[in-house]
Amino acid sequence: MRNITPKEVTPYGEVDSIQFATYLTKKANEKQVNTNITKIQKWLYICYGLYWAAENKQLLNERPKAWDYGPAFPKVYKAQKNHNDTLEPLITNTDVATFSVYDDLINSVLDTFGSWTASQLVNWTHEEGSAWDRQKQNAMYEALDDYNIKLDFRKILRHDQI
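Within each chain, residue numbers correspond to sequence positions counted from 1 in written order. Per-residue local features are limited, in this predicted model, to residues with pLDDT of at least 70; the limit for side-chain atom pairs, both in listing and counting, is 80 or more; totals at the level of whole chains, interfaces and linings are taken over all residues. Side-chain figures throughout are based on the complete set of non-hydrogen atoms in the structure, without hydrogens or water.

Any chance you could explain the nonpolar core here in plain terms?
Within soluble globular proteins, side chains that are nonpolar generally end up buried alongside one another. Here the nonpolar core consists of buried residues drawn from Ala, Val, Leu, Ile, Met, Phe, Trp, Tyr and Cys, with membership extended through side-chain atoms lying within 4.5 Å. Burial classes follow relative accessibility: with a 1.4 Å probe on protein chains only, a residue under 20% of its type's maximum area counts as buried, one over 50% as exposed, and anything between as partly exposed. Counting residues in hydrophobic clusters, the biggest one holds 40 residues, and the most contacted among them are Phe20, Trp43, Leu59 and Phe153. Strands are runs of DSSP state E lasting at least 2 residues, helices are runs of H or I lasting at least 4, and numbering of each runs from the N terminus. Those elements that place two or more of their residues in this core are α1 (17–30), α2 (37–55), α3 (74–82), α5 (103–113), α6 (118–125), α7 (131–138) and α8 (146–158). At 11 residues, the largest contribution of residues to this core is made by α2. Should any heavy atoms of two residues lie within 4.5 Å, those residues are counted as being in contact. Among residues more than four places away in sequence, those in contact with Phe20 are Val15, Leu44, Cys47, Leu59, Leu60, Phe99, Tyr102 and Ile106.

Shown next, in the form of structure tokens:
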């Protein structure tokens, strides 16, 4: 694998973050995995990071920001808040054909992290040296550095942790 420099830029993004998060919620429901606002945010971040590291392309048209409880996608968060902390009402509008190409990624994330509590996911994203940890020291509430995200998730892929 070639080295990545911070100057590399990949166009954003393959899919709409709210629609992807809604499809992720649908898949979690199908697997009977409990969801909540925080879990969806963290699973979304994991999908984003794994895809970025593996494909060298942006998955979503929104970048995660460094919020108090870890990486978050503001547009998705707003949609969740507008629907009583869930994306359930939006599921009927989800185009399954568009998102089913991401089923392997989503299933892998849900199989690995689906049983984790929201607190466990927050703690995991807050680990010392993580992209969130490095960002909070410099520019809290700003977009996480994609280079640091890619480095974090390449480590995970190399160790087959997903």
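Looking at this model, I keep getting lost on α7. Mind explaining?
Since the α-helix packs 3.6 residues into each turn, any two residues three or four apart lie on the same face. Looking at α7, one finds that the buried residues are Ala131, Trp132, Asp133 and Gln135. As for α7, its buried residues are in contact with α2, β1 (65–67), β2 (70–72), α6 and α8.

What should I look at first to understand the environment of Asp85 in this one?
Assignment of secondary structure puts Asp85 in the loop between α3 and α4 (96–99). Classification of Asp85 by relative accessible area gives partly exposed; the value is 35%. Along the sequence, Asp85 and Ile149 sit 64 residues apart, while their C-alpha atoms lie 26 Å from each other. The contact partners of Asp85, leaving out residues within four places of it in the chain, are Ile37 and Gln80. At 2.8 Å, the side chain of Asp85 and the side chain of Lys81 are in polar contact. Throughout this description, a polar contact denotes any pair of N or O atoms lying within 3.5 Å of each other; where both atoms belong to protein, one of them has to be capable of donating a hydrogen while the other can accept it, and for residues adjacent in sequence the pair is counted only when both atoms sit in side chains.

Explanation requested: α3 in the structure shown.
Looking only at α3, the buried set comprises Val76, Ala79 and Gln80. Buried positions in α3, seen along its axis, are confined to an arc of 100° and lie on one side of it. Looking at α3, the residues exposed on the side facing more than 90 degrees away from the buried face are Lys78 and Asn82. Residues of α3 that are buried in the fold lie against α1 and α2. Among the residues trailing α3, Asn84 stands out with phi positive, at a value near 55°. Working note: the arc is built from the helix axis to C-beta atom directions.

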